[in-house]
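Per-entry structural report
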Amino acid sequence: MSVDPVLQTERDHLSRSRADLNSMREHTLSLTAQGGDHVSTEYLKAALYRRAKALEDDPSLPLFFGRIDRTDDDHAETFHIGRRHVMDGDGDPMVVDWRADVSRAFYRATRDDPHGVTLRRRYGFAGGELTSYEDEHLLDPGETDITSRILTEEIERPRVGPMRDIVATIQPEQDEVVRASLDRTVCVQGAPGTGKTAVGLHRAAFLLHAYRDRLSRTGVLVIGPNQAFLHYIAQVLPTLGEVDVRQVTVAELVETVPIRGTDDPETATLKGDARLAEVVRNAIWSHVQEPADTLYVPRGTRRWRVPVHEVADAIRTLRERGDGYTTARSLLGQRLAHRILLRMEAAGEITDDRVQNAVARSRPVKAHVDELWPALDPVKLVMRLLSEPDLLATAAAGILDDDEQRRLLWRKPARGPKTAPWSHADAVLVDEAAAALERVPGVGHVVLDEAQDLSPMELRAVGRRAGTGSLTVLGDIAQGTTPWATPSWPEALRHLAHDDAHLEVLRKGYRVPAAVVEFAGRLLPVIAPGIAPPEPVRSNPGRLDLVDAAGDLREAVAVAAVDVASREGSLGVIVADAAVPDMEAALDAAGLDYGHLADDARITLVPATLAKGLEYDHVVVVEPAAIVAAEPAGLRRLYVVLTRAVSSLTVVHREPLPGALASPTARSKTAGSPTRER
């Protein structure tokens, strides 16, 4: 069978591109790092290692996925668009990085605005091998708009394992967010399946490309809700050639104390209230005392003095500067020493900076500073605040009422910081105290996912990391499942200290099929009346099966799981957290080879509270009523769980479905004869 000559030409181009990429990597590995000193040499070695790592070729992934032909002033150009830049031995581009300016036209070109593109070509691949192509002639008046089969198949392709990049399928509205400039904070409200997480990660990759020098100094930080989520997204940036991005949870971000305790929801909500920032600040600054005695400093044969009113003036000036407590404290000794130098100069003595520094370090001055402005440790400060009613009453006066103050206090007195019953919310307070004492180092850009679930105090902690940079804030108000979930993006952005952020709403659902969107969307009028469901654009409407277990729930789950596992793609069995042991027994009895969240198995057993942000081709949701009953925001948790499915959703239940999900046409069926909604 003869091969299409165009296809063969493109395969040849792919082969040459792979060879050129390998040559680029070999050249990098051949370089020897020789800096001017040991530190410079080690820095160059690290840079060469990262460069070689970024040039590794994954044969299972195509080097390019698209092509554009452009005509400018009668000069025709062809660009193959791929995950990274590849050049031949003469320095000419074989593949253009998808983040380059010229690549923008591949994503944005339309018949109404072709961006100079005459031809857009998409490629079909299987296992890294080029199998097909599809052309779109944007200037041909005789050709009508068509739905790209290759694009559709790539979006809907079954997948197993961690999240992968979406460079081949980025849509125009997503590209707008991805290519937003570094100095702009963007908040993305996106319903399930709209690709907001992928958009945020691709924006990080774009910024690292467009602002390489700046971000190589300041860094990029990705913050996710839990380790399961971070594990799921871990390979997206490395696949795009970015191997040096730190990815953490909020808990890891503020981890300065050993977490031993857990707050009840009401206490955790109170500790996460933005008013606690003022309480912490008051507790810190309450340690600064008004001077009562004159400062005397012996030097040589004389004794120099700084009267009370001058010491008080120095303290007041430093407090009004707005510096952190520790920074301002470090300046007080110099201020007092300067007062003494003025008197020494008036007396005819010769002084200079060395004399002032010596006076500032003298025992009388240091003792006076320690008495009036004592050094503080953030851990010990917060421990005292949560243990000592008098300190809390002083700091919270006019901010918290008596009942709120009693709720904040630990039930048992702490014997020391290492044995205190620290909770996660307490650790956030320690982070707030540390920032009030001394500025926290920031990074150039922060990507914050599932932001709707963070408390105001957690948002403040994240905002500080981007104090001199920008953020990409991702989330869905309808998926807020914590008691302190944010009610609106303007409020969340205020706590992040980025009120001027641009809010982008992604409406098109590329991953969750229509059948699942319609079913889960029945919950939206109850859990988030102001949020519209996504607009499904997939050609496959998906499949929805409702199974009434009637008798043995475990047996019904086993039967359903075996049936769904026979389909192509990944399977997530999502259950209420407390039901995990029972479902392990059910899957074991069915003989299914399954894993847990960190296992990268094709079949995964998922606790409902860890499902957020994940997706599976097929999902079996077990007993929605139990998921709803497990927590105050149970209906929102159920909405999250139901929308993890990208091809089919099977709901197995023995208890009645929550009222909002009851279908007016569905009839109750026993296990083995499911009610099917399409």
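Residues numbered from 1 in each chain as written. Predicted model: local features only at pLDDT ≥ 70, side-chain atom pairs only at ≥ 80, totals over all residues. Heavy atoms only, no water.

Overview of the sheet that holds strand β3 (residues 86-87)
The six strands are arranged β3-β4-β2-β1-β5-β6 in an open sheet whose pairing can be described as mixed. One side of each edge strand has no neighbouring strand; the edge strands of this open sheet are β3 and β6 (129-137). Inspection of the sheet shows β3 paired to strand β4 (residues 93-97) by two bridges, in the antiparallel sense. In the strand pairing of β4, Met 87 is matched with Pro 93. Running over the sheet, helix α1 (residues 5-30) touches β1 (64-72), β2 (75-82), β3, β4, β5 (117-126) and β6 and is turned about 115° from β6. (Pairing = 2+ DSSP bridges. Helix = DSSP H or I, 4+ residues; strand = E, 2+ residues; numbered from the N terminus. Contact = heavy atoms within 4.5 Å. Axes fitted to C-alpha atoms, helices over the stretch in contact; angles between N-to-C directions.)

Section: the sheet that holds strand β13 (residues 470-475)
Spatially, the six strands line up as an open sheet ordered β9-β8-β12-β13-β7-β14, and their pairing is parallel. Both edges of this open sheet fall to β9 (246-249) and β14 (502-506), since each of them pairs with a single strand only. Put simply, the sheet's adjacent strands are angled 15° from each other on average, direction ignored. In the sheet, strand β7 (residues 186-190) pairs with β13 via four bridges, with the strands oriented parallel. Bridging from a neighbouring strand, Val 186 pairs with Thr 472 of β13. The strands touched by helix α6 (residues 196-210) within the sheet are β7, β8 (220-224), β12 (445-448), β13 and β14, with β13 carrying the most contacts at an inclination of about 165°.

With respect to the confidence of the model for the protein chain
When pLDDT is averaged along the protein chain, the result is 91, and 97% of the positions lie at 70 or above. Taken together, the stretch residues 665-678 has pLDDT below 50 and engages in 30 contacts with residues farther than four places along the chain or on a different chain. (pLDDT = per-residue confidence, 0-100.)

A short note on helix α4 (residues 149-156)
Among the residues of α4, those classed as buried are Ile 150, Leu 151, Thr 152, Ile 155 and Glu 156. Buried-residue contacts for α4 involve β5 and β6. Residue Ser 148 occupies the N-cap position of α4, its side-chain oxygen lying 3.0 Å from the main-chain nitrogen of Leu 151. (Buried < 20%, exposed > 50% of the residue type's maximum accessible area, 1.4 Å probe, protein only. Polar contact = N/O pair within 3.5 Å; in protein donor to acceptor, adjacent residues only side chain to side chain.)

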